[in-house]
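# Coordinate analysis (summary)
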Amino acid sequence: MTVTFDNRPRRRVLQLAASFLAVILQTQIGHVAMAADDDFLKFSSHDLSVQVFSASDLRLVYANSPHALAIGEMAREKTEADATRMPGFTSGEYPTFASSVEMEWRSKDGTQFKHTLDLDSIFKDRKILHKEDPARIYKPMPISGVLPIIIIEANDRTVNVYMFTTLQIISEDPNVTLREAHRNCVLAYSKTL
């Protein structure tokens, strides 16, 4: 004779206990991280995306890695959707910060420009830039998915540097245990030449 037991009630109790313990640990870890001056938001490596709008012949070198965009053609104008879109192409992980960025390009009117970016001074605190409520960031693992992406953009006569990150956010509803993923694209530097 075979006897079977229904373990579903026991599993549910264990799942609730695990969820409760996770919330307690998350809260405790959060307090420790806040006391450490938000060190949980520091980054030591990053990805890179290069973009060009209303300009041509962009050549950029970072960490001995050359990039060339819109060579021999004028890139399209930047749209509102481009401002919040996740970068489609990234060129891989770099240590923070591998070198200065040397760039040259032609503006819409054909003027040649050269500019050097010092990412070390732009991101001197090595902290992830975001627009979130710091109290709601999931401190044990704040970044969701890919590394922080530094976006270097030539837009006509302007150079912009953004940080794009997807952060894990704790729900405002205490009954929800799943975290939300919020995309943040924050301007870190802009200069019109």
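We now turn to the structure provided with this report. (Residues numbered from 1 in each chain as written. Predicted model: local features only at pLDDT ≥ 70, side-chain atom pairs only at ≥ 80, totals over all residues. Heavy atoms only, no water.)

This model, assessed by the stated rule, comprises one cavity of 30 Å³ or more. As a volume, the largest cavity reaches approximately 50 Å³. Along the walls of the largest cavity sit Gln51, Lys78, Asp82, Ala83, Arg85, Ile151, Glu153, Tyr162 and Cys185, which together make up its complete lining. Elements supplying a minimum of two residues to the lining of the largest cavity: α2 (80-84) and β7 (149-155). Of the residues contributing to the lining of the largest cavity, the split by class is four nonpolar, one polar and four charged. (1 Å grid on protein atoms, 1.4 Å probe; cavity = no way out; pocket = protein on both sides within 12 Å on 5 of 7 lines; lining within 4 Å. Points joined across faces, edges and corners; volume = space filled by probe spheres on them. Helix = DSSP H or I, 4+ residues; strand = E, 2+ residues; numbered from the N terminus. Nonpolar A, V, L, I, M, F, W, Y, C, P; charged D, E, K, R; others polar.)

Turning our attention to the pattern of salt bridges. For the coordinates displayed, the defined rule picks out eight salt bridges. Residue arginine 136 is joined to glutamate 180 by a salt bridge in which the shortest nitrogen-to-oxygen separation is 3.3 Å. Of this pair, arginine 136 sits in the loop between α3 (119-122) and β7 while glutamate 180 sits in strand β9 (residues 180-192), and the two are 44 residues apart along the sequence. Here the salt bridges share partners, and the residues they tie into one network are Arg136, Glu172 and Glu180. (Salt bridge = Lys/Arg side-chain N within 4 Å of Asp/Glu carboxyl O.)

With that settled, consider unusual backbone geometry. With an omega of -15 degrees, the peptide bond between threonine 96 and phenylalanine 97 qualifies as cis. Topologically, phenylalanine 97 is positioned in the loop between β4 (94-95) and β5 (101-107). Phi at alanine 70 is positive, roughly 55 degrees, even though this residue is not glycine. Secondary-structure assignment places alanine 70 in the loop between β3 (65-69) and α2. Among the residues examined, alanine 70 registers a relative accessible area of 15% and is labelled buried. (Buried < 20%, exposed > 50% of the residue type's maximum accessible area, 1.4 Å probe, protein only.)

The next thing to look at is the sheet that holds β4. In space, the five strands of this open sheet follow the order β4-β1-β7-β8-β9, with mixed pairing throughout. The open sheet terminates on both sides in strands that have one partner only, identified here as β4 and β9. Pairing of β7 with strand β8 (residues 158-169), which is carried by seven bridges, proceeds in the antiparallel orientation. For alanine 154, the partnering residue across the bridge sits in β8 and is valine 159. (Pairing = 2+ DSSP bridges.)

This next bit is on the packing of aromatic side chains. Taken as a whole, this structure holds five aromatic pairs when the rule is applied. Measuring from ring centre to ring centre gives 5.8 Å for phenylalanine 97 and phenylalanine 123, while their planes differ by 20 degrees; the resulting arrangement is stacked. Within this pair, whereas phenylalanine 97 is found in the loop between β4 and β5, its partner phenylalanine 123 is found in the loop between α3 and β7, the two being separated by 26 residues in sequence. Of the two residues examined, phenylalanine 97 and phenylalanine 123, each falls in the buried class. Taking NZ or CZ as reference, arginine 179 lies 3.7 Å from the ring centre of tyrosine 138, over its face. (Phe/Tyr/Trp six-rings, centres within 6.5 Å; stacked < 30°, edge-to-face > 60°. Lys NZ or Arg CZ within 6 Å of the ring centre and 35° of its normal.)

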